[in-house]
Amino acid sequence: MRRGCERPDLGGCRRRRRWRLRLSIPDGAFHLWFVLFSRCFMSFGEGSAALTAQNSGSFSMYSPGPSDSPSDLFSPIQISPSVVPHALPPMVPTPPMYPYFPSAPDPVLTGRCPVNISAINDTVERTAVDCSAPLATLLGSVICCPQFDSMLRIFQGEYSSATGSLVLNKTVAKDCFRDLTSVLISSGANGSISSLCSIKSSNLTGGSCPIKTLVDFEQTVNTSKLLDACTTVDPLRECCRPVCQPVIAEAAVRLASRDSSSLSKNDALESPSEQVIVDDCKGVVFAWLAKQLNFDEANNAFRILTSCKVNKVCPLSFEDMSAVVEACSGLAPKNTSCCSSLNDYILTLQKQMLITNKQALNCATLFGSMLEKKGIVTDLYTLCEIDLKDFSLQDSGQQGCLLRSLPTDVVFDYHTGVSFTCDLSDNIDAPWPSSSSLSSLSTCASAASLPALPTSETSGYLDAGDCGIRVDYYLVTVLCILLIKFF
């Protein structure tokens, strides 16, 4: 058994760490930046300093001696050629997952979309970062696609404010969708964001929902109840004890049943199924909520609601596992050959994408159940020391990253690069389905088992111990390092 937390519940001990894609600066460029910074620092006249370059590349600062005259203190700085080379060295090849953003063309707009996209510029920029070209395929199901869908709902709300319609007709939807994706791509988003997330311009049209105008919506739905339930969505409770979701479902059913004839038809070739109509009407409900809430409130609510959905499934694809079945069949499979075959197979799963801790639990249980159906009777996870984090993408140091089940965003800045938060990085054993079947699997604690709310301002962190450490790794910018060195 690997060292770390041995408690199988996801709500227990967890460690959090931050994956960062660091920005490398060539030595010559760094020296030049350092000298320029020092020159600005000295211009305030509060003291003086002289920089000396050591052979090792480090810098030191000293105070002037008594023989230094005032004119010497403020004379031009003499920069040695050994400090700043004549020609800066070329950039070294970028490391894996380096935040390289190729130059993107300016967006090509149709000019036919009636909404000024700059009105939702903050949401568009956040979506572009969450769906950045190098990471979108790895973070698609957890971060990129939920944010892209939320942005479209917010765009619908902005459209309804100007037109009174909660949906777009097909022609306008195509033009606006093309403009939105063009702006995203020009801001660094993945060029295949639409196909990656399986989202089309038809998502903006309301589909088969019979109610599409603001007036008809407010005459049909209890809007006060809807606002009370969904203005502020609790990220810790909504997925287990939902408040907003059932009210949205109720409103969607009322919209779908407004035209009773649409629900009475049985010919699937002539009309969509009843569930499809209700799902289309849910999109109309989201558009109305986006109009009533401010952008941040709407985005937070939509992201939380989407996280409840994505954490119920396993997004990984399980291909042919015959090699594992052959090596691990029987009552007492050989550890070496069985575990080697299992590890090779899991290695292919690790290359697919980053997943959340709850998705990893679903994937581990699903994979084990599939193996059991093929005749495997041994707990292979215990035999081969398989952890939950083994089902997600691994970094270069073979440290698995499980994303948080709560909504999160990608962070990008020019000092630390691209970063996102990993959760539950300790070695929690993957559950074999014999002890945790698909039918009984649940990540929601019963109401009686919930702990009391914290009473102290500092009680939000777990106590330090074998399984109670919260760890955050942060990178300090170059400027902060220098200031600490100086003072």
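Attention in this report is confined to the structure presented alongside it. Note that the coordinates shown come from a computational prediction; the quantities given were computed from them, not determined experimentally.

1. Description of the overall build of the protein
Right, so step 1: Within the protein one finds 17 helices and 7 strands.
Right, so step 2: Taken over 487 residues, the protein has a buried fraction of 41%.
Right, so step 3: Sequence-distant contacts in the protein: of pairs separated by 6 or more residues, those separated by 24 or more amount to 81%.
Right, so step 4: When the accessible surface of the protein is summed, it comes to about 26,200 Å², and 55% of that surface belongs to carbon and sulfur atoms.

2. What about the state of the cysteines?
Right, so step 1: For the structure on display, the rule yields 10 disulfides.
Right, so step 2: The side chain of Cys 113 participates in a disulfide bridge whose partner is Cys 176; the two sulfur atoms lie 2.1 Å from each other. On the S-S bond that ties Cys 113 to Cys 176, the torsion sits near 100°, and the link is right-handed. Of the two residues, Cys 113 is situated in the loop between helix H2 (70–73) and helix H3 (121–130) and Cys 176 in helix H5 (residues 170–186); the sequence distance between them amounts to 63 residues. Comparing Cys 113 with Cys 176, the two get one shared label, buried.

3. A closer look at the nonpolar core
Right, so step 1: If you look at the biggest cluster of nonpolar residues, it comprises 63 residues, and the most contacted ones within it are Phe 148, Phe 217, Leu 226, Ile 248, Leu 255 and Val 285.
Right, so step 2: In this structure, Leu 255 is in contact with Cys 209, Pro 210, Ile 211, Phe 217, Thr 220, Val 221, Cys 281, Val 284 and Val 285, ignoring residues within four places of it in sequence.
Right, so step 3: Counting residues in hydrophobic clusters, the runner-up holds 32 residues, among them Cys 338, Cys 339, Cys 384 and Leu 388.

4. What to know about the side chain of Thr 220
Right, so step 1: Summarising the element assignment, Thr 220 is placed in helix H7 (residues 214–220).
Right, so step 2: At 2.7 Å, the side chain of Thr 220 forms a polar contact with the backbone oxygen of Asp 216.
Right, so step 3: Here Thr 220 is in contact with Arg 254, Leu 255 and Arg 258, once residues within four sequence places are set aside.

5. Let's talk about helix H14 (residues 335–350)
Right, so step 1: An ideal rise of 1.5 Å per residue puts 22 Å on 16 residues; H14 measures up with 21 Å between its terminal C-alpha atoms.
Right, so step 2: Every buried residue of H14 is listed here: Cys 338, Cys 339, Ser 341, Leu 342, Tyr 345, Ile 346, Leu 349 and Gln 350.
Right, so step 3: On its buried face, H14 sits against helix H13 (322–328), helix H15 (357–373) and helix H16 (380–383).

6. Concerning the pairing of strand E7 (residues 417–423)
One face of the sheet, then the other: side chains in a regular strand alternate in exactly this way.
Right, so step 1: Counting buried residues along E7, 7 of its 7 residues qualify, which places the element largely inside the surrounding structure.
Right, so step 2: Taken together, the 2 bridges between strand E5 (residues 402–403) and E7 define a ladder with antiparallel strand orientation. Bridging from a neighbouring strand, Leu 402 pairs with Asp 423 of E7.

7. So, the pattern of salt bridges
Right, so step 1: Scanning the model with the defined rule gives 7 salt bridges in all.
Right, so step 2: Between Asp 130 and Arg 303 there is a salt bridge whose closest N-O contact spans 3.7 Å. One end of the pair, Asp 130, is in helix H3; the other, Arg 303, is in helix H12 (residues 295–310), with 173 residues separating them in the sequence.
Right, so step 3: You can call Asp 130 buried: its relative accessible area is 0%.
Right, so step 4: Between Arg 237 and Asp 234 there is a salt bridge, with the nearest N and O atoms lying 3.8 Å from each other.
Right, so step 5: Through salt bridges with shared partners, a single network forms among Asp 130, Arg 303 and Asp 409.

8. Notes on the packing of aromatic side chains
By convention here, two paired aromatic rings are described through the distance between centres and the angle between planes.
Right, so step 1: Enumeration according to the criterion identifies 8 aromatic pairs in this entry.
Right, so step 2: An angle of 45° between the planes, with centres 6.2 Å apart, marks the rings of Phe 148 and Phe 177 as tilted. Taken together, the residues span a long stretch of sequence, with Phe 148 in helix H4 (residues 136–163) and Phe 177 in helix H5 at a distance of 29 residues. Phe 177 carries the same exposure label as Phe 148, and that label is buried.
Right, so step 3: Ring centres of Phe 286 and Phe 302 lie 5.3 Å apart, and the angle between their planes is 80°; this geometry places the pair in the edge-to-face category. With Phe 286 in helix H11 (residues 274–292) and Phe 302 in helix H12, the pair connects residues that are 16 residues apart, well separated along the chain. For the pair shown, Phe 286 and Phe 302 are each scored as buried.

Rules of the game
- Residues numbered from 1 in each chain as written.
- Predicted model: local features only at pLDDT ≥ 70, side-chain atom pairs only at ≥ 80, totals over all residues.
- Heavy atoms only, no water.
- Helix = DSSP H or I, 4+ residues; strand = E, 2+ residues; numbered from the N terminus.
- Buried < 20%, exposed > 50% of the residue type's maximum accessible area, 1.4 Å probe, protein only.
- Contact = heavy atoms within 4.5 Å.
- Areas by Shrake-Rupley, 256 points an atom, 1.4 Å probe, with all protein chains shown as cover.
- Disulfide = S-S within 2.5 Å.
- Core = buried A, V, L, I, M, F, W, Y, C linked by side-chain atoms within 4.5 Å.
- Polar contact = N/O pair within 3.5 Å; in protein donor to acceptor, adjacent residues only side chain to side chain.
- Expected span 1.5 Å × (residues − 1).
- Pairing = 2+ DSSP bridges.
- Salt bridge = Lys/Arg side-chain N within 4 Å of Asp/Glu carboxyl O.
- Phe/Tyr/Trp six-rings, centres within 6.5 Å; stacked < 30°, edge-to-face > 60°.

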